[in-house]
Amino acid sequence: MAPMGASAAENAQGDPGDGDGDPGPPECADADKRCEQAFSLADMGYQSVDLIGSFSADGWDVGVPMALADGTWAATTTVPWDTAVEYKFRLDGGQGYIP
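All of the points below concern the structure found in this document. All values derive from a computational prediction rather than experimental measurement.

## Examining the pairing of strand β5 (residues 72-80)
Every second residue of β5 is oriented toward a common face, the buried set being Trp73, Ala75, Thr77 and Val79 and the non-buried set Thr72, Ala74, Thr76, Thr78 and Pro80. As judged from the three bridges shared by strand β4 (residues 67-69) and β5, these two strands associate in the antiparallel manner. Directly across from Ala69, in β5, lies its bridge partner Thr72. Turn length for the β4-β5 hairpin, with the two strands adjacent in sequence and antiparallel, is two residues, and the turn residue Asp70 shows positive phi of about 55°.

Set out below in structure tokens:
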């Protein structure tokens, strides 16, 4: 029997069975399987930074405002579990983008 929180496909090292050695995506308790994910960007003198992307239905338009602290812009948002997400940092209200 697999340990609590581990799938039966995982081996003793926690690998989900694909052999690459990583533990795979985190398990999320949410019914809709969304997990919190932190994003960060080193400050290069930006006035504002928003995180935009495919993590929500309106994520490319609305975005998530990021906060500047100690030279790093940071934000946490939920992303779909075990799904690739595309995102960009929108700089200074759309004056530039970092993929």
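Let us keep going from here.
## Re the packing of aromatic side chains
Each pair of aromatic rings is reported with the distance of its centres and the angle of its planes. Tallying each qualifying case throughout the model produces two aromatic pairs. Plain terms: the ring middles of Phe39 and Tyr87 are 4.9 Å apart, the flat faces sit at 70° to each other, and that makes the pair edge-to-face. Of this pair, Phe39 sits in strand β1 (residues 34-42) while Tyr87 sits in strand β6 (residues 87-91), and the two are 48 residues apart along the sequence. Phe39 gets classed as buried once you look at its relative accessible area, which sits at 10%. Ring centres 5.8 Å apart and planes at 80° place the aromatic pair Tyr87 and Phe89 in the edge-to-face group. Judged by its relative accessible area of 6%, Phe89 is buried. Linked through ring pairs, Phe39, Tyr87 and Phe89 together constitute an aromatic cluster.

Conventions adopted
Here the residue index of a chain counts from 1 through its sequence in written order. Side-chain atom pairs in this predicted model are given and counted only at pLDDT of 80 or more, local residue features only at pLDDT of at least 70, and totals for whole chains, interfaces and linings cover all residues. The basis for the side-chain values is all heavy atoms of the structure; hydrogens and waters are excluded. When a residue's accessible area, from a 1.4 Å probe over protein chains only, is under 20% of the maximum for its type it is buried; when over 50% it is exposed; and in between it is partly exposed. Secondary structure elements are defined from DSSP: runs of H or I of at least 4 residues count as helices, runs of E of at least 2 residues count as strands, and each element is numbered from the N terminus. Only when DSSP finds a minimum of two bridges between them are two strands counted as paired. Each aromatic pair joins two rings of Phe, Tyr and Trp (for Trp, the six-membered one) with centres within 6.5 Å, and gets the label stacked for planes under 30 degrees apart, edge-to-face for over 60, and tilted for any other angle.

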